[in-house]
Amino acid sequence: MRSCRGRQATSPRPCWLATGSGLDPTVVDAMRDSGLAHLLAISGLHVGLVAATLFFAIRILLTLIEPIALRWPVKKIAACFALLGAFAYLLLAGATVPTQRAFLITGIVLLAVILDRTAISLRLVAAAASIILVLSPESLIGASFQLSFAAVVALVAAYECLGQRLRSRSGPRSVGRRLAVYFAGVGLTTLIAGAATGLIALHHFGRFAQFGVVANLIAVPMTALWIMPCGVVALILYPFGLEAVALQAMALGVEVVLAVSGTVASWPGAVMLLPTMPMAGLLLVTAGGLWLCLWSGRVRVAGILGILAGILTIPLTPRPDVLVSGDGRLMAVRMADGRLSLSSERVQRFAAKVWLERDGARLGQSWPVEASSDRRLSCDLAGCIYRGGGRVTALVRDGRALEEDCRDAAVVVSVVPVRRRCRAPALVIDRFDLWRSGAHAIWLGREIVSATNVRAVRGDRPWVPRPEARRRRISKVRNSAASTSASIR
């Protein structure tokens with residue numbers, strides 16, 4: 001949209017919610033810590049709100065025209081226009097993979113309306129998931145797919161279970177009671193979706209927004225009733241060059257949402273950081289959640305046992321004692337208080353951030369100049385000695401220290417090649433191992449030392465590049481560049 005890019009835009013913030021681009025990192029952090037990050041992702045909420053706005057607006061408009069209301073299927077016509085509007089929004093948002101998935105789900109719901117089928121049911125959710133997995137099977141292990149369908153399945157199952165009770169209590173309602181029911185529904189929806197996605201988020205991100213319900217009670221109605229309708233109006237006015245008026249109104253609602261996110265994120269304890277849930281825990285939680293949603297009657301309660309078992313894997317899963325990046329420039333060791341201590345705060349910042357998040361920590365300690373206060377780590381110019389798990393681990397920077405470390409240490413991690421035989425240690429990882437296999441994680445125990453690396457986790461599959469192939473490819477590119485440069489000269 002021109003107002004999103006040109007001089008007419010009074011504020012770029014409406015375009016953030018409309019297109020999902022140009023996000024300020026501070027805004028992203030505040031939205032994530034307040035539990036409102038789903039408003040920034042162009043997903044089911046956005047596409048669904050656009051389609052719902054068009055559907056109800058066109059349906060109301062057509063029902064006001066008596067000849068059309070009596071002779072034409074108004075509901076199906078409105079569904080067709082809503083489907084076209086959702087497709088236009090898909091193109092406006094850049095047709096990213098999450099947006100395509102959201103459009104597909106919304107399209108199946110609208111198609112069910114056109115074909116006189118139940119618009120929202122677990123069968124339609126299963127059909128949408130099947131189509132997505134056929135088109136892009138790799139999305140199964142992605143956070144976006146898991147979070148989206150976990151929330152949708154939980155909401156559909158919950159309202160199928162509660163629908164009969166809610167309909168039995170329906171009757172004449174005043175405006176105040178309708179508003180109370182609406183906000184109660186928003187709160188209940190937030191609780192259900194948060195419970196369904198919170199544990200999956202722990203597996204991927206290791207964080208949980210504790211006050212998400214409070215933030216969503218204000219932000220979701222503002223987005224549904226003000227921001228997205230203004231966005232739809234802006235899209236309709238765009239061909240006439242009048243969209244700036246709607247975007248200005250949209251900006252007011254966005255400012256309210258940003259104020260709510262900033263306030264909630266600033267509350268003490270807004271974010272709970274925990275070690276990430278292992279894959280076994282995710283599978284147990286998923287199995288328990290599906291059992292809870294798909295079965296009916298009292299037997300469905302047994303799914304809670306699977307969820308609890310998955311939660312228990314978080315404290316029972318041992319965390320690595322030593323971490324080494326793929327180039328050896330960044331290392332981390334676990335101190336006596338359980339926190340990670342990083343060798344540097346200036347190199348490999350992204351890797352350090354990922355390590356800390358997966359460990360459930362926001363900040364890490366820095367390596368001491370000589371010795372740590374708990375005497376676990378002592379360093380000099382040649383490297384460091386780490387005493388943890390009842391073992392001595394040598395972290396070598398200078399090859400001249402290898403002879404002594406190979407004799408005294410149980411584990412040797414060297415950023416330089418170990419060219420001589422190093423027999424005494426139970427585990428030796430040198431520069432070539434890091435180059436071939438990537439970052440390493442080491443668990444130290446009194447009886448056994450175990451380790452894993454990036455290549456072992458990815459597996460030996462056709463699409464995983466081998467170090468030798470990568471080296472040949474880099475050499476080929478360099479030779480090509482050199483020959484091109486020679487020919488130019």
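Scroll up to find the structure this text is about.
In this report, the structure presented in the accompanying data block is examined. This structure is a prediction, so every number in the text was calculated from the model and none was measured.

The rules behind the values
Residues numbered from 1 in each chain as written. Predicted model: local features only at pLDDT ≥ 70, side-chain atom pairs only at ≥ 80, totals over all residues. Heavy atoms only, no water. Helix = DSSP H or I, 4+ residues; strand = E, 2+ residues; numbered from the N terminus. Buried < 20%, exposed > 50% of the residue type's maximum accessible area, 1.4 Å probe, protein only. Contact = heavy atoms within 4.5 Å. Areas by Shrake-Rupley, 256 points an atom, 1.4 Å probe, with all protein chains shown as cover. Salt bridge = Lys/Arg side-chain N within 4 Å of Asp/Glu carboxyl O. Axes fitted to C-alpha atoms, helices over the stretch in contact; angles between N-to-C directions. Parallel < 35°, antiparallel > 145°, perpendicular 65-115°, else oblique. Left-handed = near helix turned anticlockwise from the far one by under 90°. Nonpolar A, V, L, I, M, F, W, Y, C, P; charged D, E, K, R; others polar. Disulfide = S-S within 2.5 Å. Pairing = 2+ DSSP bridges. Phe/Tyr/Trp six-rings, centres within 6.5 Å; stacked < 30°, edge-to-face > 60°.

### Describing the overall build of the protein
When its secondary structure is counted, the protein shows 19 helices and 13 strands. Out of the 489 residues in the protein, the part that is buried amounts to 40%. For the protein, the proportion of contacts with a sequence separation of at least 24, taken over those separated by at least 6, is 55%. A total of about 27,500 Å² of accessible surface is found on the protein, and carbon and sulfur atoms cover 64% of it.

### What to know about the pattern of salt bridges
The final tally for this structure, using the stated rule, is eight salt bridges. Here aspartate 29 makes a salt bridge to arginine 32, at a shortest N to O gap of 3.4 Å. Taken together, the residues aspartate 29 and arginine 32, both in helix 3 (residues 25-33) and three residues apart, mark about one turn of the helix. With a relative accessible area of 31%, arginine 32 lands in the partly exposed category. A salt bridge links aspartate 116 to lysine 76, with the shortest nitrogen-to-oxygen separation between them at 3.0 Å. On the criterion of sequence distance, the pair formed by aspartate 116 in the loop between helix 7 (97-114) and helix 8 (122-135) and lysine 76 in helix 6 (residues 74-92) is long-range, its members being 40 residues apart. A residue is classified by how much of its surface remains accessible, and aspartate 116, at 58% relative accessible area, is exposed. The exposure class of lysine 76 is partly exposed, given its relative accessible area of 27%.

### Re the packing of helix 11 (residues 212-237) against helix 12 (residues 243-265)
The description of two helices packed together rests on the angle between their axes and the distance between the axes. Put simply, helix 11 and helix 12 touch, their axes get as near as 8 Å, and they point 160 degrees apart. In terms of their interaxial angle, helix 11 and helix 12 are classed as roughly antiparallel. The handedness of the crossing between helix 11 and helix 12 is left-handed. When helix 11 is examined against helix 12, the residues Ala215, Ile218, Ala219, Met222, Thr223, Trp226, Ile227, Cys230, Gly231, Val233, Ala234 and Leu237 are found in contact with a partner set consisting of Glu243, Ala246, Leu247, Ala249, Met250, Gly253, Val254, Val256, Val257, Val260 and Val264. The residue inventory of the contact of helix 11 with helix 12, partitioned by class, reads 19 nonpolar, three polar and one charged.

### Let's talk about the state of the cysteines
Applying the stated rule across the entire model yields two disulfides. A sulfur-sulfur separation of 2.1 Å characterises the disulfide bridge that pairs cysteine 379 with cysteine 384. Linking cysteine 379 and cysteine 384, the disulfide has an S-S dihedral of approximately 110 degrees and is accordingly described as right-handed. Assessed through its relative accessible area of 13%, cysteine 379 is described here as buried.

### Digging into the pairing of strand 7 (residues 377-380)
Across the two faces of strand 7 the burial differs, with Leu377 and Cys379 buried and Ser378 and Asp380 not buried at all. Direction of pairing for strand 7 relative to strand 8 (residues 383-388): antiparallel, over a ladder of four bridges. Bridge pairing in strand 8 places serine 378 opposite isoleucine 385. Turn length for the strand 7-strand 8 hairpin, with the two strands adjacent in sequence and antiparallel, is two residues.

### Observations concerning the packing of aromatic side chains
What the rule picks out here adds up to five aromatic pairs. Geometrically, the ring pair formed by phenylalanine 145 and phenylalanine 149 is tilted, given 4.6 Å between the ring centres and 40 degrees between the ring planes. Within this pair, phenylalanine 145 and its partner phenylalanine 149 are both found in helix 9 (residues 143-168), separated by four residues, close to a single helical turn. Side by side, phenylalanine 145 and phenylalanine 149 carry an identical accessibility label, which is buried.

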